[in-house]
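Examining the three-dimensional arrangement
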Amino acid sequence: MAAPDSDRRRSLFGWVVKLTCTMTADDDSSVFEPGATDDEDGASDTRAEEGCPAPTKIENRAGLLHALTEAAELEHGLLLQYLFAALSMKKSSSEGITVAQAELVREWEGVILSVAREEMAHLGTVCNLLTAIGGAAHFGRPNFPVPSRYFRMESDGGSPRYVEFTLAPFSAESIARFVRFEAPEPPAAERALVEPELRYSTIGDLYRQIEAAFVELEDATLFIGPQHAQDRDDWSLGLRLWNVIDTQSAITAIRSIVAEGEATPTAGPASHFQRFQRIQRDLSDEVTRDPDFTPARPVVENPLTRSHFESPGGALIDDADACKISELFNAVYGTMILMLMQYYAFAGESEEQRFGLRAAIRQLMSAVIRPLGEVLTEIPAGSRFPGQTAGPSFELYTDLRLPAHQANAWTIFHERLAEEAEACARLSTEEGAPPRLRFLQQNLRLVARSVERHIRSVLLGRRIHTGTPTSELVHGA
Amino acid sequence: MPESLEVGFGGWFQCRLATDPDPADEPRGVSGWTFAVGDEPDLDRIIRFQDPPVHRSHGPDVSVAIDTIAVEGRNVTDHPLIGGRVDLLGEPRFEGRNGLIAEDGEEPIAPFMLELTGDGVSLRRHDPLDPQDSAIEEVDPGVLRRRLAGGVEGDPASAREVLQAIGVEDPQEHRRVREQRLRTEMAATGDPDKRAGLEKRLRSLRGLIPVRVSYRFAIGELGGVGEVLDPRGSLADADVVAPWSIQFWMGGWDADALCGFVRGAVRIPLQS
C-alpha cells in the first residue's frame, strides 16, 4: 500500500465530509459541531506542530502494536461516550416528556446500549489482535474530555485536526457526533525505527491501515503471542469475539469490526452507523413535531470530580453528594478495569477462576456501574451548574497497573470491592440518599464475596506451583 | 410417618421484573425483554399471587387458588380451604440479580412466606434462608442452595405439562390471537400514549414460553414455626413446628402480560 500523502488525505476526508453531510441532509449542520472551537467537520484545529518529521505508515511490529493500542483506546472511548449518552436519557413521562416520547427514548437508549456492548466486543477482539502479535491487552485511556488525540488528520493549513472525545448527554449534537464516529469511507487503495504518527479520518480508515500492515508484515515472525491467551467467550451477552492466529484470521477479525461497527458504504441496517442515523432521523422528526422535546436529563458535559493535567476542561462538579457518589462510581469503574486487565492477562487462572472473574466483571457492569451511572444523572451537579445534574465521569485517577503476582491481584480486587461496598453502604444511609444505593451496596458486597471465594484457590494454585509445603497451605490461606 | 394434609394449588401470578442485560433494579426495562409501558408504575420484581396493581389487557387473570386437599392420599372435597387463596407475603422476589445470587432458572424466591386462606381459616409459614434469618445477600451460598430452583426445564414432557396446565394447545396460535387483539385495541384508540404502549407490546410480542423452573424444599427446615388461624377447629391438628414440604413449578411465561403460571402442593404434617 502506498504511503498516503496529505493531498490524498485531504481529498479522502473531503469525501467523508460530503458523504456524511449528504446522509444527514435532512438534519441541521450539527453533525460536525461537537464543540464551540470546532469547525464545520467536527474536527478541532490545533496550532501547527513542529519537531522531527514522524513516520505515518505502520511498518513493523512496534507500529502495529501502537496502532492497535490506539484502536483499543478508540473503542474504549467510544463505548464510554455511548454509555454516558444512554444513561443520561429520561426514563418515563414523569420527567417532562409524553408517554409516546418516553417509548421513543427507551428504544433509542436500547439501541445505544446495544452498540456500546458491541464496542466492548470490538475492544476484546482488538485485545486478541494485540496478544496475537506479542503485545498486551490495553485498557488505559486519557480522561475526558479529549480534544486533540483521536482522528488525527491534516487540514488545508497543514495543522493536525482531531475529533473531540467528550462525555455529553443524549441530544441532536451527540447523536450527530456518534454518526460521525461511525461514518464509512470509500474502499482504499525507508522503514521507520519509531512508532508512526497515526493519521486517519474514520475508524474504518485506522483499521484499514492496521489490516494493510498485517498483510505486509511477515506472517511467520509476526504472530508470536500464545494462542491460548485470547478471549473466546460471549460474556453471556451474545458478544462475538474473534481469535487471531495468522494473517487471514487477523483480517477476518478487523473486517468484522469495521463491518459491524464502523460500517462500509454498503453496510446493512444493523451497522452502528445506520442505527445511529435512524435515531438521528427519528429525533429530528420528533423535534419537528414538538420543538420543546428534550429526551435527556440536564446532565453536565464531561463531569469531573477533580482536574486532570492531561485533560484540560471538563465540568468540576461541587455538590457534596454528587462528588461522593461520583468517586464511588470511578472507584468501581477502576476496579472493573483492573479485573479486565487480569482477565486478558491470562495470568494462570483456572477455567473456574476465569469464569468467576468474567462473571464478576459482567455483574459489575450490569448490576453496579450502569445503575450507579443512572443515579448520578439524577443528582444536582452543584452550585456552579444550576439546574444541571452530574453524570458518570469514568475518571481514572491514576495509571492502573496490575501487580506481578496473581494472588496479589485477586487480593487487591477483593479489598477494593469490599471498600467500595462499605462506602456505598455508608452513602446509602445518609439523609436523602438515592434509594437505589441500598440495593447497589448489596450487589457490590455480593461481587466482593464471589471474588473472595476464588482467592483461596488462587493462593493454593500459586503455592503448589512454587513448591510450598502443604502444612503451610492449610495455615497460610 | 405421621398423617399429613396435602394442599394442591395452581393459578397465574404476576412478576414485573427487568431481565438481563438490564440491571435487576432497572425501573422501566430497556435492554431486556420485559418492560413497563405507559403510565404503569416502575418494575418492582415482586411476585404477586393475588391482586396485582397493574393488569395488562388480554393477559390472564392473576389468582392462585387451592384446588385440591388430600389427607393421606384421600381427596377431601368439603375442606374449608378448597377454593381458598394462596399468597406469598412480604413482597417476594426472584433473586437472581444478574447472576450475583443465582443463575438464570435457579433464582431463589425471597422472602418466602406462604399463606393459605379459605372460609375463615388460614395457615401461614415463613421459611428463613438460614438459622439467623439473614438477608439474602448475607446468606452462605451453600446454605442457600436448598432454596434454588432446579434450572430451566424445556423438555417435551415439561412443555406438555405446562401447556396443559395453562390450557394452551399451540403457543404460536396463542401469540397470533394476542397480536390480533392488541392490533384491534390499537385501532380502536386515538390516545397517542395508549397507542405508544400497545406499539411497544406489539414490537416485543413473543409467544408463551412453555418452560418451567421447579422448587422443592421444606418450609421451616432451618427455623421458625407456622401460624394457624382456625376458629372452628378444622385445622387444630396441623403441626406448626415440623417442616412443611413444598414443591411447585413456575412457568408458561406470558412475557407480554408479565405473568406466569404456578402449580404445586404443600404437605402439612398433622399431629396424631
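Residues numbered from 1 in each chain as written. Chains lettered and ligands numbered in written order. Predicted model: local features only at pLDDT ≥ 70, side-chain atom pairs only at ≥ 80, totals over all residues. Heavy atoms only, no water.

Some thoughts on the interface of chain B and chain A
- Residue-level contacts link 31 residues of chain B with 30 residues of chain A.
- Of the charged contacts, one joins E26(B) and R370(A) as a salt bridge, the two residues approaching to 3.4 Å between their closest N and O atoms.
- Joining chain B to chain A, the criterion identifies 18 residue pairs in polar contact (both at pLDDT 80 or more).
- Tallied by class, residues from the side of chain B that touches chain A come to 14 nonpolar, five polar and 12 charged. (Contact = heavy atoms within 4.5 Å. Salt bridge = Lys/Arg side-chain N within 4 Å of Asp/Glu carboxyl O. Polar contact = N/O pair within 3.5 Å; in protein donor to acceptor, adjacent residues only side chain to side chain. Nonpolar A, V, L, I, M, F, W, Y, C, P; charged D, E, K, R; others polar.)

Some points on the packing of helix α4 (residues 172-181) of chain A against helix α8 (residues 272-289) of chain A
Residues and elements named next belong to chain A.
- Running from amino to carboxyl end, α4 crosses α8 at an angle of 155°, the nearest separation of the two axes being 9 Å. By the angle between their axes, α4 is roughly antiparallel relative to α8. Between α4 and α8 lies a crossing whose hand is left-handed. In this structure, α4 uses A172, I175, A176, F178 and V179 to contact α8, whose residues at the interface are F273, F276, Q277, I279, Q280 and L283.
- A per-class count over the contact of α4 with α8 returns nine nonpolar, two polar and no charged. (Axes fitted to C-alpha atoms, helices over the stretch in contact; angles between N-to-C directions. Helix = DSSP H or I, 4+ residues; strand = E, 2+ residues; numbered from the N terminus. Parallel < 35°, antiparallel > 145°, perpendicular 65-115°, else oblique. Left-handed = near helix turned anticlockwise from the far one by under 90°.)

Topic: the domain arrangement of chain A
Residues and elements named next belong to chain A.
- The domain architecture assigned to chain A consists of domain 1 (1-297) and domain 2 (298-477).
- With 35 residues of domain 1 in contact, the opposing surface of domain 2 contributes 35 residues.
- Of the roughly 3,000 Å² buried where domain 1 meets domain 2, counting both sides, 64% is carbon and sulfur surface.
- Interface area lost by domain 1 to domain 2 is led by N143, W235 and R297, which between them contribute 25%.
- In this structure, the connection of domain 1 to domain 2 is made through 14 residue pairs in polar contact (both at pLDDT 80 or more).
- Going through the elements one at a time, α2 (61-87) and α3 (99-132) are the ones with two or more residues in the side of domain 1 that touches domain 2.
- At six residues, α3 tops the list of elements feeding residues into the side of domain 1 that touches domain 2.
- By residue class, the composition of the side of domain 1 that touches domain 2 is 20 nonpolar, nine polar and six charged. (Domains from an automatic or database assignment. Buried area = accessible area lost by both parts, 1.4 Å probe.)

With respect to the packing of α2(A) against α4(A)
All names here are of chain A.
- At a closest axis distance of 11 Å, the pairing of α2 and α4 adopts a crossing angle of 155°. For the element pair α2 / α4, the angle class is roughly antiparallel. Seen along the crossing, α2 lies across α4 with a hand that is left-handed. Two secondary-structure elements touch here, α2 through L78, Q81, Y82 and A85 and α4 through R177, F178 and F181.
- Classifying every residue of the contact of α2 with α4 gives five nonpolar, one polar and one charged.

Thoughts on the pattern of salt bridges
- The final tally for this structure, using the stated rule, is 47 salt bridges over all chains.
- Across the pair R275(A) and E118(A) runs a salt bridge whose closest N-O atoms are separated by 2.5 Å. Take R275(A) and E118(A): they sit in the same class, and that class is buried.
- Of the charged contacts, one joins E221(B) and R146(B) as a salt bridge, the two residues approaching to 2.8 Å between their closest N and O atoms. Of the two residues, E221(B) is situated in the loop between β10 (209-219) and β11 (227-229) and R146(B) in the loop between α1 (141-144) and α2 (156-166); the sequence distance between them amounts to 75 residues.
- Residue class for R146(B) comes out buried when judged on its relative accessible area of 18%.
- Several salt bridges share partner residues, and in doing so they unite K91(A), E109(A), R370(A), E374(A), R436(A), D22(B), D25(B) and E26(B) into one network. (Buried < 20%, exposed > 50% of the residue type's maximum accessible area, 1.4 Å probe, protein only.)

A few points about the environment of H58(B)
All names here are of chain B.
- With respect to the helices and strands, H58 occurs in the loop between β2 (47-48) and β3 (63-71).
- Judged by relative accessible area, which is 29%, H58 ranks as partly exposed.
- Taking the C-alpha atoms as reference, H58 lies 9.6 Å from V177; in sequence the two are 119 residues apart.
- Beyond its immediate chain neighbours, meaning those up to four positions away, H58 contacts R178, R181, L182 and E185.
- Here E185 takes part through its side chain, which lies 2.8 Å from a polar atom of the side chain of H58.

Looking at the packing of aromatic side chains
- Tallying each qualifying case throughout the model produces 28 aromatic pairs over all chains.
- Between the aromatic rings of F112(B) and F217(B), the centroid separation amounts to 5.1 Å while the plane-to-plane angle is 80°, which identifies the pairing as edge-to-face. Placement of F112(B) in the loop between β7 (109-110) and β8 (113-118) and of F217(B) in strand β10 is noted, with a sequence separation of 105 residues between them. For the pair F112(B) and F217(B), a shared accessibility class is recorded, and that class is buried.
- Consider the rings of F112(B) and F248(B), whose centres lie 5.9 Å apart with planes at 20°: the pair is stacked. Taken as a pair, F112(B) in the loop between β7 and β8 and F248(B) in strand β12 (residues 244-254) lie far apart in primary sequence, 136 residues in all.
- In this structure an aromatic cluster arises from ring pairing among Y82(A), Y150(A), F151(A), F165(A), F178(A), F181(A), Y200(A) and F276(A).
- Here R240(A) stacks its cationic end above the ring of W242(A), 3.9 Å away from the centre of that ring.
- The positively charged end of R354(A) is found above the aromatic ring belonging to Y343(A), 3.9 Å away from the centroid. (Phe/Tyr/Trp six-rings, centres within 6.5 Å; stacked < 30°, edge-to-face > 60°. Lys NZ or Arg CZ within 6 Å of the ring centre and 35° of its normal.)

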